[in-house]
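# Architecture and fold: a report
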Amino acid sequence: MSKTVITFGTFDVFHVGHLRVIERAAALGDRLVVGVSADALNERKKGRSPVFSQAERLEIVAALKPVDAVFVEESLELKREYILEHRADILVMGDDWAGKFDEFEDICEVHYLTRTPAISTTALIEKISAGS
């Protein structure tokens, strides 16, 4: 029986940490669906607009070999609906969210992956802005 994996992220200023989480998520199943945070969601969550537009981020993530489907994540409160809509068997999130999505264990497996050390979109943006 095939397994569908779902994960979520902003995927702004795409870097190797993003690639590794997508590859590791894909390895847990047969099909990978990725929810890309809407621009408005990112503004609410992080207090700033993404560097790359929602359309650009969707296009970048959709082009990756391990990704089978992408969609726009409009709200953090809709995670359960997204999991059910995409018939996901496994939810994958970074370990910075550890424990926050355990409530979905009634409908799917929940895995938290260790983040790639020393790589952060926010840190990259700050470094670029500082001109270093």
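First things first, this report covers the structure right here in the doc. Because the structure is a prediction, the values reported are computed rather than measured. (Residues numbered from 1 in each chain as written. Predicted model: local features only at pLDDT ≥ 70, side-chain atom pairs only at ≥ 80, totals over all residues. Heavy atoms only, no water.)

All chains considered together, the criterion is met by 6 aromatic pairs. The interplanar angle of 90 degrees and the centroid separation of 5.9 Å between the aromatic rings of Phe 8 and Phe 71 together place this pair among those described as edge-to-face. One end of the pair, Phe 8, is in strand β1 (residues 4–9); the other, Phe 71, is in strand β3 (residues 69–73), with 63 residues separating them in the sequence. Residue Phe 8 is classed as buried on the basis of its relative accessible area, which comes to 8%. (Phe/Tyr/Trp six-rings, centres within 6.5 Å; stacked < 30°, edge-to-face > 60°. Helix = DSSP H or I, 4+ residues; strand = E, 2+ residues; numbered from the N terminus. Buried < 20%, exposed > 50% of the residue type's maximum accessible area, 1.4 Å probe, protein only.)

The subject of this paragraph is helix α1 (residues 16–26). For α1, the full list of buried residues reads Gly 17, His 18, Val 21, Ile 22, Ala 25 and Ala 26. Projected down its long axis, α1 carries its buried residues within an arc of 165 degrees, all on one side. (Arc of directions from axis to C-beta.)

By definition, the strands of a sheet pair up through backbone hydrogen bonds, in either a parallel or an antiparallel sense. Spatially, 5 strands are ordered β3-β2-β1-β4-β5 in an open sheet, and the strand pairing comes out parallel. Both edges of this open sheet fall to β3 and β5 (109–113), since each of them pairs with a single strand only. In this sheet, adjacent strand axes meet at a mean angle of 25 degrees when their direction is disregarded. Sheet topology places β1 next to strand β4 (residues 90–94); 3 bridges connect them, and they run parallel. Looking at β4, one finds that Val 5 is bridged to Ile 90. (Pairing = 2+ DSSP bridges. Axes fitted to C-alpha atoms, helices over the stretch in contact; angles between N-to-C directions.)

What follows covers helix α3 (residues 54–62). All of the buried residues along α3 are Arg 57, Leu 58 and Val 61. Each buried residue of α3 sits inside an arc of 100 degrees when the element is viewed along its axis, so together they form one side. Along α3, the residues that are exposed and aim more than 90 degrees away from the buried face are Ala 55 and Glu 59. Of the surrounding secondary structure, the elements contacted by the buried residues of α3 are α1, β2 (31–37), α2 (39–46) and β3. (Contact = heavy atoms within 4.5 Å.)

What follows concerns the side chain of Thr 4. Structurally, Thr 4 can be placed in strand β1. Residue classification places Thr 4 among the buried residues on the basis of a relative accessible area of 9%. Excluding residues that lie within four positions of it along the chain, Thr 4 makes contacts with Arg 31, Val 33, His 86, Arg 87, Ala 88, Asp 89 and Ile 90.

On to the pairing of β2. Every other side chain in a regular strand lies on the same face of the sheet, so the side chains alternate between the two faces. Within β2, 6 of the 7 residues are buried, which leaves it mostly tucked inside the rest of the structure. Sheet analysis places β1 next to β2, joined by 6 bridges and oriented parallel. By the bridge assignment, Val 5 is partnered in β2 with Leu 32. For the crossover that starts at β1, traverses α1 and ends in the parallel β2, the hand is right-handed. (Right-handed = clockwise from strand over helix to strand, strands pointing away.)

On to a nonpolar patch on the surface, then. A surface patch of nonpolar side chains, amounting to about 230 Å² of accessible area, comprises Val 51, Phe 52 and Ile 60. Looking at the secondary structure, you find Phe 52 in the loop between α2 and α3. Residue Phe 52 is classed as partly exposed on the basis of its relative accessible area, which comes to 32%. (Patch = residues over 30% accessible without salt bridge, like charges linked within 9 Å, V, L, I, M, F, W, Y side chains within 5 Å. Areas by Shrake-Rupley, 256 points an atom, 1.4 Å probe, with all protein chains shown as cover. Salt bridge = Lys/Arg side-chain N within 4 Å of Asp/Glu carboxyl O.)

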